[in-house]
Amino acid sequence: MAENRYTPTFAETPAEGAASSAKPGRHHLYSKLDRWAFSVLRFIIGGIFVYAAIPKIIEPGAFAKVIYNYQILPNMLVKPAAIMLPWLELFAGAFIILGVWLEGALIIYNLLMLIFIAALIFNTGRGLDIHCGCFSQEPEDMINMGTIIRDLLIFVPAAYLLVRVFAKPAKQTDDR
Amino acid sequence: MKSLGQTLAIVCLALIAGFGFNAVRSDGICLDCQWPIESQADAATANPLRISLKRAASLYKKDKAVFIDARPVSAYESGHIKGALNLPWAKAEETCFKILQNIPVQKTIVTYCSGEACELSDLLASFLKDLGYPHARSLHNGWQRWKENGLPQAYPEG
């Protein structure tokens, strides 16, 4: 897996390269800042999923109840979802932090965020007073506009990372 | 294709880890057992504050109870039990006296909210009981079940 580690670069086209050779100092600073911002975002975004997955893995029964209360999945899928979903979050988050299989991990991350946001909007819209179950199984964490906005705020940087990874193909070697 | 392969690989890892860990842990989810929560809505007799839908509907038809919606104002305004008052649990302490001033203490009060896991109606019924309304009761998942049974509802016009 180590050879799949993603290393972002700032200027990779010939034009960018020419421009950067004219201003090597500036390019170096941008490149450094770019890499730094990318890494920080990866840690934050990945950390959120790892943090969210742990209580769900610890209390699978409580998480199954949360999924059931959303009243979206057929009953036969509630328990399998409660068993698998936290691990999917954990692996996606951990791989984003580690920079391993980054494209796949970000695809999963963004898909899950879209599903979570859609479920929150759907259930808030139909007036269900249910626990979010997003970061804990505590009853205080009810779904409302605040939880939707919170998820959107997580989704935006995650979508940026996804676009960024696909817009600038991963280099297979460390060029630092 | 590489990204699709990675995505599938992570999904497979999650499946293996999830079901594998669930199989070996002592408090894992029993996949063969009957799902217990489905029967909880009306079998909530363990909570003495709760009232069955049948009993609540009977009291409603005889006009023998005041219904109070424990949900936020926005949820209440988008649809509620016809004739119900609104006392959002989050503001119950500040606004209860305005709502309760015309309700005799011996009157039966039925609180409700929406969703299997909603505890607002239980909390409000308990609060009202402490305030001196001994016949305050909670209709679990009341709004959802009320709608499903086609009982009288009120919606904003237009």
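Caption draft 1: Broad picture of unusual backbone geometry. Unlike most non-glycine residues, A:Trp101 shows phi in positive territory, near 45°. With 26 C-beta atoms packed within 10 Å, A:Trp101 lands in the buried category. The phi angle at B:Asp63 is positive, at roughly 55°, despite the residue not being glycine. Residue class for B:Asp63 comes out exposed when judged on the 8 C-beta atoms lying within 10 Å of it.

Caption draft 2: How the structure looks around the environment of A:Ile130. All names here are of chain A. Mapped onto the fold, Ile130 is located in the loop between helix H5 (102-125) and helix H6 (145-167). Given 25 C-beta atoms within a 10 Å radius, Ile130 is considered buried. In the structure, Ile130 is positioned eleven residues away from Asp141 in sequence and 8.5 Å away in space, judged by C-alpha atoms.

Caption draft 3: How the structure looks around the pairing of strand S1 (residues 65-69) of chain B. Residues and elements named next belong to chain B. Across the five residues that make up S1, a large majority, five, are buried. The two faces of S1 match: Ala65, Phe67 and Asp69 on one face and Val66 and Ile68 on the other face are all buried. Here S1 pairs with strand S3 (residues 85-86) via two bridges, running parallel. Residue pairing in the sheet places Ile68 in a bridge with Leu85 of S3.

Caption draft 4: Up close: the packing of helix H4 (residues 75-98) of chain A against H5(A). Residue and element names in this part refer to chain A. The geometry of H4 relative to H5 is characterised by a closest axis approach of 9 Å and an angle of 135° between their N-to-C directions. The orientation of H4 with respect to H5, classified from their angle, is oblique. When the axes of H4 and H5 are compared, the crossing they make is left-handed. Taken together, the residues of H5 that come into contact with H4 (itself represented by Leu88, Glu89, Ala92, Phe95 and Ile96) are Leu102, Ala105, Leu106, Ile108, Tyr109 and Leu112. A class-by-class count of the residues in the contact of H4 with H5 yields ten nonpolar, no polar and one charged.

Caption draft 5: The pairing of strand S4 (residues 108-112) of chain B, seen in detail. Residues and elements named next belong to chain B. With four of five residues buried, S4 is to be regarded as a mostly interior element. Relative to S4, S1 is paired through five bridges, and the arrangement is parallel. Paired with Ile68 across the two strands is Thr111, which belongs to S4. The pairing of S4 with strand S5 (residues 136-139) spans four bridges and is classified as parallel.

Caption draft 6: Seen up close, the interface of chain B and chain A. Taken together, the 32 residues of chain B in the interface contact 28 residues of chain A. Among the secondary structure elements, those contributing two or more residues to the side of chain B that touches chain A are helix H1 (2-24) and helix H3 (73-78) of chain B. Among the elements that take part in the side of chain B that touches chain A, H1(B) stands out by supplying 14 residues, more than any other. In the side of chain B that touches chain A, the residues fall into 18 nonpolar, ten polar and four charged.

Basis of the calculations
Residues numbered from 1 in each chain as written. Chains lettered and ligands numbered in written order. Predicted model: local features only at pLDDT ≥ 70, side-chain atom pairs only at ≥ 80, totals over all residues. Buried ≥ 20, exposed ≤ 12 C-beta atoms within 10 Å, placed from the backbone. Helix = DSSP H or I, 4+ residues; strand = E, 2+ residues; numbered from the N terminus. Pairing = 2+ DSSP bridges. Axes fitted to C-alpha atoms, helices over the stretch in contact; angles between N-to-C directions. Parallel < 35°, antiparallel > 145°, perpendicular 65-115°, else oblique. Left-handed = near helix turned anticlockwise from the far one by under 90°. Contact = placed C-beta atoms within 7 Å. Nonpolar A, V, L, I, M, F, W, Y, C, P; charged D, E, K, R; others polar.

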